[in-house]
Amino acid sequence: MSHSQRSDIFLLDAERTTWHDETLWFVRQKRDKAVYATPEFQELRQLASDIKDHTLSRLDFYLQQFEENARRNGVQVHWAADAHEHNQIVLSLLKQHNATRVVKSKSMLTEECHLNPYLIKHGVDVIDTDLGERIIQLRDEAPSHVVLPAIHLKKEDVGDTFHLHLGTEKGNNDPQQLTETARQHLREKFLASEVAISGVNFAVAETGSVVVCTNEGNADLGVNLAKVHIACMGMEKLIPRLSDLSVFTRILTRSATGQPITTYTSHFSKPAEGKEMHVVIVDNGRTKQLGRPDFRASLKCIRCGACMNTCPVYRRSGGHSYDFTIPGPIGAILSPNIDMRKHASLPFASTLCGSCTDVCPVKIDIHTQLYKWRQVLGQAGEIPASKKWSMRLLSRVLAKPAVYGLGSKIARQSLRLLPHGLTHGKGYNPWAVARELPEPPKQSFREWYAQQAVK
Amino acid sequence: MKVALFVPCYVDQFYPQVGIATLQLLEKLGVRANFPKQQTCCGQPMANSGCERDAIPVYHNFVDAFEGYDYVVGPAGSCVYHVRKHFDIIDQTPAVQHVRTNTYELFDFILNILGINEIPGSFPHKVGLHLSCHGQRGLHQANESEMTPVRDGQLRRLLSSMQGLELTELDRNDECCGFGGTFCVSEAGISARMGQDRVADHVRNGTRVLTGGDMSCLMHLEGIVRRAKLPIKVMHAAEILNGAVL
């Protein structure tokens, strides 16, 4: 199914579409308020962009520096070429400790690698501890947003889910009571866990430490209670110095939710006494993307989700319409790198309005990359044949003024003469499903102009 | 100053009155523009569909049609933006560079080349201004809500200078209308929904005349207005500034 087909399913529930759009627009407005209140915000964006550009240009150096410093701190560093290797490494660490109970804080990377199903298949009880992640885990769904994974759900949906899985009263949709239920349920899991897995927001090369940003404090609770901490990170998460971090902590949550900073910004530098800390560094297609000059900048992404909140398409099609771990505009430029054929419709799921580029805190030229992916897909033959041939024909017409003049006249006159029902057939004219065609005039501009010259 | 009028293909065919208003408005402002009939289209429909290579002959035709002029002026931010930004895949001859640099959106030309900041006239109606993304974010013709809460821009200024004209304050000042070129048919459902939401914002806030600098967005919005039989008139800002009477 294409993005358009999946969107049509989402759009069937018009009221829910309105609610989804307004909810995310509210988040975009919170972002705007925070940005307007920070006069140096545009400077911070430029700084963040420059730091990321620099880091990507010397990624090999910073990765080695990070590894060296992390090892010196007593952290064990592992390298994974792809998702499968990442999952194998995590499982082997769990086996070493005979661990079957694992808590996980939010990590888009482990979603990308499909770690949960892999671990479950191997008999591991893995529990997501971020509230939104836990909700969708109970429902066996994928996240629909990178920061707000359960944003596609209303409180009634959560009430039903908790009734089914956590035994709350049927019809109890009170957010406070539901949250308290989740808290009690997760507390047991935290206390019983042997290993805690976390994501990584930033990895600091000069200190060898990783930084995790959460609002719920679940990463800290998990790591501090478990004997082993495994931090999983994509290799683009590096920043050179600790002082660089301040730029990113200032822009990350302002862009994401409009908060000045996340409630918890946790630095994990070394294992506590008697405990272990591991970092798994994952490539999974990132080197390939780094090698594509037009698309390299997509690796600067800090997963704030601002491009999703602002995207008028995302807000009306929902995160699941992208059918990729990272939805929205950024997902649409990351996904073809992973599987061009499967995700061929995503770069076309945009009007190229450019709002994504303008909110991006690290200045990724998202809409330009969408345009460029379209060209790559077109040349690779990954666009529908009807589009390819109609565009070729259109080009023939438009490159020859005489052909255009005559052809357009015939088309316009036909449109004038044919009955409305025929020109507006919904089965073959997608324009006409919800819109009237323009009323064709008797004369084109060029015909009018030629007449003026004669006068 | 030798000025060429660029009338985009769909304006030529469906909205000749917009081309006429542009020509007459320029004339009132002291510019006699010529319409080179070799022109057809900027090539954007092919390029946005992933077929920019098919658009190359169209790009060359565009440059051939306009290279003999000091300025090329068109009432369509999106097409102008395409010429400026995406004609980078053909050989950058002096002619290509000249045309790319000197193709202007109509209101950008009036304000920044002619240096005219207000246009005398009267239009006593409540006017809703649709900011087209390519004019606003692409050609920087208006402030962006992503950057600042201040709502300002070229067309806002020109329209405000008309007597009796009251601008609608929208809930979402610069959200995309959902036209998006071939997006309007390849993602027809989302496109229509975006347009309906945009129109609803205008209805909620009292727009009687819906206008803008880009007829392509307006063609899409007009299609929705007419389907819903709403009491809103859709017209290009060149028509209003040229002294249209309702």
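No experiment lies behind these values; they were computed from the predicted model shown. (Residues numbered from 1 in each chain as written. Chains lettered and ligands numbered in written order. Predicted model: local features only at pLDDT ≥ 70, side-chain atom pairs only at ≥ 80, totals over all residues.)

**Describing the overall build of chain A**
And step 1. Check the secondary structure of chain A and you find 22 helices and 10 strands.
And step 2. If you line up chain A on its principal axes, its C-alpha atoms span 95 × 55 × 45 Å.
And step 3. Looking at chain A as a whole, 47% of its 455 residues are labelled buried.
And step 4. Considering only residue pairs separated by 6 or more positions, chain A has 73% of its internal contacts joining residues 24 or more positions apart. (Helix = DSSP H or I, 4+ residues; strand = E, 2+ residues; numbered from the N terminus. Buried ≥ 20, exposed ≤ 12 C-beta atoms within 10 Å, placed from the backbone. Contact = placed C-beta atoms within 7 Å.)

**Re unusual backbone geometry**
And step 1. You will see that A:Lys363, though not glycine, has its phi angle at about 55°, which is positive.
And step 2. Considering the arrangement of structural elements, one finds A:Lys363 in the loop between helix H17 (355-359) and helix H18 (366-379).
And step 3. Its identity is not glycine, yet B:Lys229 carries a phi of approximately 50°, on the positive side.
And step 4. Relative to the elements of secondary structure, B:Lys229 occurs in the loop between helix H12 (215-227) and strand S8 (233-234).
And step 5. Classification of B:Lys229 as exposed rests on a count of 8 C-beta atoms within 10 Å.

**Notes on the confidence of the model for chain B**
And step 1. Predicted confidence across chain B gives a mean pLDDT of 97, with 100% of residues reaching 70 or more.
And step 2. Two summary scores accompany this predicted model of the complex, namely pTM at 0.96 and ipTM at 0.97. (pLDDT = per-residue confidence, 0-100.)

**Quick notes on the domain arrangement of chain A**
And step 1. For chain A, the assigned domains are domain 1 (38-284) and domain 2 (385-454).
And step 2. Between domain 1 of chain A and domain 2 of chain A, the C-alpha centre-to-centre distance is 54 Å. (Domains from an automatic or database assignment.)

**What to know about the sheet that holds S8(B)**
Residues and elements named next belong to chain B.
And step 1. An order of S6-S5-S7-S8 is seen for the four strands of this open sheet, with the pairing classed as parallel. Two strands lie at the open edges of the sheet, namely strand S6 (166-167) and S8, each paired on one side alone.
And step 2. As paired strands, strand S7 (residues 209-212) and S8 are joined by two bridges and run parallel to one another. The residue bridging Leu210 from the neighbouring strand is Val234, located in S8. (Pairing = 2+ DSSP bridges.)

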